[in-house]
Amino acid sequence: MLKPGQPLDKVLADELAQLREAGLYRSRVALDGSQGARVSIAGRAYLSFASNDYLGLAADPRLVEAVRAAALHYGVGAGASHLLHGHSAAHDALERALAEFVGCPRALVFSTGYMANLGVVTALCGRDDEIFADKLNHASLNDAMVLSRARFRRYPHLDLDALDHALGRSTARRKLVATDAVFSMDGNVAPLPDILQLCEKHDAYLLIDDAHGFGVLGLHGAGALSHFGLRSERVLYMGTLGKAAGVYGAFVAGDEALIDYLVNRARTYIYTTATPPMLAAALLESLSIIRSEDWRRERLRELVRTLMAGLGSKSTMMLPSQTAIQPFVLGTTARAVNVSERLAEAGVLVPAVRPPTVPRGSARLRISLSAAHETADVQRLARALCEIQP
Ligand SMILES: *Cc1c(COP(=O)(O)O)cnc(C)c1O
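Engineer: How should the overall build of the protein be read in this particular structure?
Structural biologist: Within the protein, the regular secondary structure consists of 14 helices and 13 strands. Taken over C-alpha atoms, the radius of gyration comes to 22 Å for the protein, in line with the 21 Å a tight globule of 390 residues would show. A total of 390 residues make up the protein; the buried ones form 53% of that total. In the protein, 70% of the contacts between residues at least 6 apart in sequence involve partners at least 24 apart.

Have a look at this one:
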């Protein structure tokens, strides 16, 4: 709190000092060039397990070429919001392709996943409604609930009995269950069919955040709905386009009326500039690569096995995950930060994830695998992890 006589910079500097003391101070490093399995920082080359570029598409020459061609045609900026003539044929084509890919009647492209979650939740829920959210959901879903002014309840991670009870007790006008499909710091997959069954039992809707499943799970990478063979009018599907798809943005897919409603009511869609059309064009190219190059997903699965085998007895420190997100749990913040720093000294980048991003006592390395990694890359990481005594 700002006390009289205390300048703001002093107050903030004190708080930052406390963060530093707790090992929770955050800062950024700048990449010299493109994202990928190999990156350069301040002129030094690193093997990176730090990005969400799971399929290795972020710097794919075909996407670069699609952007170049689309920039010549559409220019760089959209110049306006979607409803006021910033919407382009490229956005339209991308929405049709996304809807068809995930198996929903329609899709709507948002600028980011954060904005998509805010937009959907605040459009659908207000004071008379109640939202039920997994405790480990992404921050954007949590922020969306607060912004919506609805009542909300965060149930213990994957505790479907608790969810069942909470839904049963609710007298809200509208009920919405929100869950990550793949949990971003754990890599595990939510049992979506069981959750949907509870939604049916209690007349609730289900918002699925598939930020880490889209492109990775399901037939040809179509995501969590395809992975589970789910199809329901209760489901609102959100996928992001800056992770496996390698570009930027997000989309919501669902029935005709849902999308039409969001165009009219989702504030993060309406009151913001449309994303550059050239990115929509790059995403069309990305979608075609995602669908046609199954080897990228096969490579990911193979790398998970390579990592486990390479870790030997230390593989028990991994949380069970079949996705690209492979958490190596070290417990305290100090241990996680220490191991991450020593890996960096050895030329390997793996971020330490600490509270409040993960629960206290479960600080970890978030190893993120990519189809761009070679088997030898993952073996090198495993060797380094075995050699470092935390
Ligand atoms: C990254 C992420 C988001 C946000 O998506 P952006 O496009 O990066 O804003 C939302 N939900 C989950 C689970 C995420 O991991």
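Engineer: How should I be thinking about empty space enclosed by the protein in this particular structure?
Structural biologist: Using a probe with the size of a water molecule, rolled over the atoms, empty space left in the structure can be pinpointed. Tallied over the full model, the rule gives three cavities of 30 Å³ or more. Lining of the largest cavity is provided by Gly-36, Ala-37, Ser-48, Phe-49, Ala-50, Ser-51, Asp-53, Ser-368, Ser-370 and His-373. The residue inventory of the lining of the largest cavity, partitioned by class, reads three nonpolar, six polar and one charged.

Engineer: Just checking my understanding: could you explain the pairing of strand E2 (residues 44-48) for this structure?
Structural biologist: A regular strand places its side chains so that they alternate between the two faces of the sheet. Bridge count between strand E1 (residues 38-41) and E2: four bridges; the pairing is antiparallel. In the strand pairing of E2, Ile-41 is matched with Arg-44. Hairpin connection from E1 to E2: two residues lie between these consecutive antiparallel strands, with Ala-42 at a positive phi of about 50°. Of the pairings in the sheet, the one linking E2 to strand E11 (residues 348-349) comprises two bridges and is parallel in character. Looking at the pairing, Ser-48 lines up with Leu-349 of E11.

Engineer: Explain the packing of aromatic side chains here, please?
Structural biologist: Each aromatic ring pair is specified by the distance between its two centres and by the angle formed by the two planes. The tally for this structure, following the rule as stated, stands at four aromatic pairs. Here Tyr-237 and Phe-251 contribute two aromatic rings whose centre-to-centre distance is 5.8 Å and whose plane-to-plane angle is 50°, an arrangement assigned as tilted. Of this pair, Tyr-237 sits in strand E8 (residues 235-240) while Phe-251 sits in strand E9 (residues 250-254), placing them 14 residues apart in sequence. Here Tyr-237 and Phe-251 have matching classes, each one buried. Grouping aromatic residues by their ring pairs yields a cluster made of Phe-101, Phe-214, Tyr-237 and Phe-251. The ring of Tyr-205 carries Arg-234 above its face, with NZ or CZ at 6.0 Å from the centroid.

Engineer: Looking at this structure, I do not really get the pattern of salt bridges. What am I missing?
Structural biologist: Close approach of charged atoms lets side chains of opposite charge pair. Using the criterion set out here, one finds 16 salt bridges in the structure. The salt bridge involving Asp-60 is made with Arg-62; its shortest N-O contact spans 2.9 Å. Glu-65 is the salt-bridge partner of Arg-68, the closest N and O atoms lying 3.1 Å from each other. Of the two residues, Arg-68 and Glu-65 are both situated in helix H2 (residues 61-74); the distance of three residues between them amounts to about one turn of the helix. Judged by relative accessible area, which is 48%, Arg-68 ranks as partly exposed.

Engineer: Got a minute to help me understand the sheet that holds E9 in this structure?
Structural biologist: Within a beta sheet, neighbouring strands are joined by backbone hydrogen bonds and run either parallel or antiparallel to one another. Read from one edge of the open sheet, seven strands run E3-E9-E8-E7-E6-E4-E5, paired in mixed fashion. Two strands lie at the open edges of the sheet, namely strand E3 (106-110) and strand E5 (151-155), each paired on one side alone. Recorded for the sheet is a direction-independent mean angle of 20° between the axes of neighbouring strands. Bridge analysis of strand E7 (residues 205-209) against E8 gives four bridges, and the strand direction is parallel. Following the sheet pairing, Asp-209 is matched in E8 by Met-238.

Engineer: Just to check I follow, could you spell out the site of the ligand for this structure?
Structural biologist: The environment of the ligand is formed by 14 residues, the closest being Gly-113, Tyr-114, Asp-209, His-212 and Lys-243. The backbone of Gly-113 places a nitrogen or oxygen atom 2.7 Å from an oxygen atom of the ligand. For the shell around the ligand, the leading source of residues is helix H4 (residues 113-124), giving three residues. Taken together, the residues that form the shell around the ligand break down as two nonpolar, nine polar and three charged.

Procedures and definitions
- Residues numbered from 1 in each chain as written.
- Predicted model: local features only at pLDDT ≥ 70, side-chain atom pairs only at ≥ 80, totals over all residues.
- Heavy atoms only, no water.
- Helix = DSSP H or I, 4+ residues; strand = E, 2+ residues; numbered from the N terminus.
- Rg over C-alpha atoms; globule rule 2.2 N^0.38 Å.
- Buried < 20%, exposed > 50% of the residue type's maximum accessible area, 1.4 Å probe, protein only.
- Contact = heavy atoms within 4.5 Å.
- 1 Å grid on protein atoms, 1.4 Å probe; cavity = no way out; pocket = protein on both sides within 12 Å on 5 of 7 lines; lining within 4 Å.
- Points joined across faces, edges and corners; volume = space filled by probe spheres on them.
- Nonpolar A, V, L, I, M, F, W, Y, C, P; charged D, E, K, R; others polar.
- Pairing = 2+ DSSP bridges.
- Phe/Tyr/Trp six-rings, centres within 6.5 Å; stacked < 30°, edge-to-face > 60°.
- Lys NZ or Arg CZ within 6 Å of the ring centre and 35° of its normal.
- Salt bridge = Lys/Arg side-chain N within 4 Å of Asp/Glu carboxyl O.
- Axes fitted to C-alpha atoms, helices over the stretch in contact; angles between N-to-C directions.
- Near = heavy atom within 4 Å.
- Polar contact = N/O pair within 3.5 Å; in protein donor to acceptor, adjacent residues only side chain to side chain.

So yeah, pure geometry; function would need other evidence.
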